[in-house]
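Geometric and topological summary
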Amino acid sequence: MRRLFYVLLLGLGVICARPHALWAVPDAWPRALELMAEGRTEAALPLLEELVSAHPDDKNYRFELALALFRLEKDFRAKWHLEQVRGARLTAAEAQLVEQVLARIAARSVWSASLNIAVRPESNAGQRTSTETVNIGGLDFTLRPDARAEPGVSLLVSAALGYTPRINDKWRGRISLNTHLRYNKDAALRDYQLTARAGLQHLPDTRSSISAGVLHGFRWVEDKRYSQTTGIWTEYSRLLGTRGRLDLSLDLGNVRHEVTLPDSRVALLSASYSHAVTSNTRLTFAGYYEKTKGNLPNLAGDRNGILVTGLYAWRGGLMTSLQLGRHTDERRGPEPLFGLTRRDAKTSLSLTVYHRDLRLGSFAPTLVMGVEKNRSNIPVARYDNQYLTIGLTRNF
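Because the structure is a prediction, the values reported are computed rather than measured.

Attention now moves to empty space enclosed by the protein. Applying the stated rule across the entire model yields one cavity of 30 Å³ or more. Roughly 30 Å³ of volume is contained in the largest cavity. Lining the largest cavity are Val-52, Ser-53, Pro-56, Arg-62, Ala-313, Trp-314, Gly-317, Met-319 and Arg-356. Considering only residue class, the lining of the largest cavity consists of five nonpolar, two polar and two charged.

Our next topic: the pairing of strand β12 (residues 301-313). Taken together, the twelve bridges between strand β11 (residues 281-294) and β12 define a ladder with antiparallel strand orientation. By the bridge assignment for β12, Tyr-288 is matched with Gly-305. For β12 and strand β13 (residues 318-334), the ladder comprises 13 bridges, and the chain directions are antiparallel. Looking across to β13, one finds that Gly-301 is bridged to Arg-331. What sits between β12 and β13 in their antiparallel hairpin is a turn of four residues, with Gly-316 showing a positive phi close to 105°.

In this structure, Leu-48, Leu-65, Leu-82, Val-98 and Ile-105 are the most contacted members of the largest nonpolar core, which totals 25 residues. Per-element accounting of this core gives the leading share, seven residues, to helix α4 (residues 59-71). Contact partners of Val-98, with chain neighbours within four places excluded, come to Phe-63, Leu-82, Val-85, Arg-86 and Leu-90. Grouped together as the second largest cluster of nonpolar side chains are seven residues, Leu-311, Tyr-354, Ala-364 and Phe-396 included.

Let us look at the pattern of salt bridges. Pairs can form between side chains of opposite charge whenever their charged atoms are close. Taken as a whole and assessed by the stated rule, the structure comprises 29 salt bridges. A salt bridge links Asp-223 to Arg-190, with the nearest nitrogen and oxygen atoms 2.5 Å apart. Here Asp-223 is found in the loop between β7 (208-221) and β8 (224-240), whereas its partner Arg-190 is found in the loop between β5 (171-184) and β6 (191-205), with 33 residues between them in sequence. Its relative accessible area of 12% is what places Arg-190 among the buried residues. A salt bridge links Arg-331 to Asp-329, with the nearest nitrogen and oxygen atoms 3.0 Å apart. Residue classification places Arg-331 among the buried positions, given a relative accessible area of 15%. When salt bridges that share partners are traced, they join Glu-49, Arg-77, Arg-356, Asp-357 and Arg-359 into one network.

The rules we used
- Residues numbered from 1 in each chain as written.
- Predicted model: local features only at pLDDT ≥ 70, side-chain atom pairs only at ≥ 80, totals over all residues.
- Heavy atoms only, no water.
- 1 Å grid on protein atoms, 1.4 Å probe; cavity = no way out; pocket = protein on both sides within 12 Å on 5 of 7 lines; lining within 4 Å.
- Points joined across faces, edges and corners; volume = space filled by probe spheres on them.
- Nonpolar A, V, L, I, M, F, W, Y, C, P; charged D, E, K, R; others polar.
- Pairing = 2+ DSSP bridges.
- Helix = DSSP H or I, 4+ residues; strand = E, 2+ residues; numbered from the N terminus.
- Core = buried A, V, L, I, M, F, W, Y, C linked by side-chain atoms within 4.5 Å.
- Buried < 20%, exposed > 50% of the residue type's maximum accessible area, 1.4 Å probe, protein only.
- Contact = heavy atoms within 4.5 Å.
- Salt bridge = Lys/Arg side-chain N within 4 Å of Asp/Glu carboxyl O.

By themselves, these figures tell us nothing about what the structure is for.
Written out as structure tokens, the structure is:
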């Protein structure tokens, strides 16, 4: 783990030492505008990419890049830059133009897809305690080695496919398929989830959307069928002011376990607010509250968390994102072995680093370094974990 850390630090040094992108093309801006005016968008794109890397705080460069991506139907990246440019000091006409392009992206996007693949080495892959002995009923017991903290490497895959056919100007259908996979050589750490959603989306205006429908999901743990979830969902999204976006979602589901656990009912409320401070700085505040009801009080209870994320684009193309999280887990009834009602509090901190000019096809490789510490009144639930994640992103 330590050797890998030093290798990744060396790679980070190479990223930070890349030359200033604009030095190679001193007349990039007039040439890019000329090519855009001639309709030669693909030829203008590399120049605009260099301009944004060199001057990430310039609203004109970033908007022109977003426009080029929009023309080339690279809607995911075009939308990302338009959301970012909202943090600049825009005139009323400029702000209206940005919102018009965002609305056109939403109107023409029928199919959507995303894929995230990452490799994560961890010091404590199973999030287990490092304590060798625990006291139960006044007696000390020694934990087996496989029940204690061990390092490991996991492959993480998240993928989504969406279809939003147009019904009329105000209504669209919504069908999506999402999957989250975690593969580890230790079968006990394997977790696969697949969720399908179907419903309707209402567009009351160009700044907001409301969606609702039904969902059905499957989960496999240790390569075995673990549970099925059936329920309903709703989502709300709205642009706030000239710089913010609010997203809300609610899932209500009945979970039928296919192992020796009773069925449960789960309600999950999520909220996030993203604010473009400047055209190269973004703050995101996110939170969730989950309530689980079931016949086993020690498994039922409330979970909630808060995440604060700051994204900054540096001159030269370096991108950094710092995230701080606080999570709690409070159960309804006592643990049978310890006679205590479980109370957990977890703190997490992570730093994401990547360079927008280092690409693998349509993606930029990312490096995430993180730590997490879980404190609990149940001794075996306390743990510490450090991890490195090597993944891909299109947020550049």
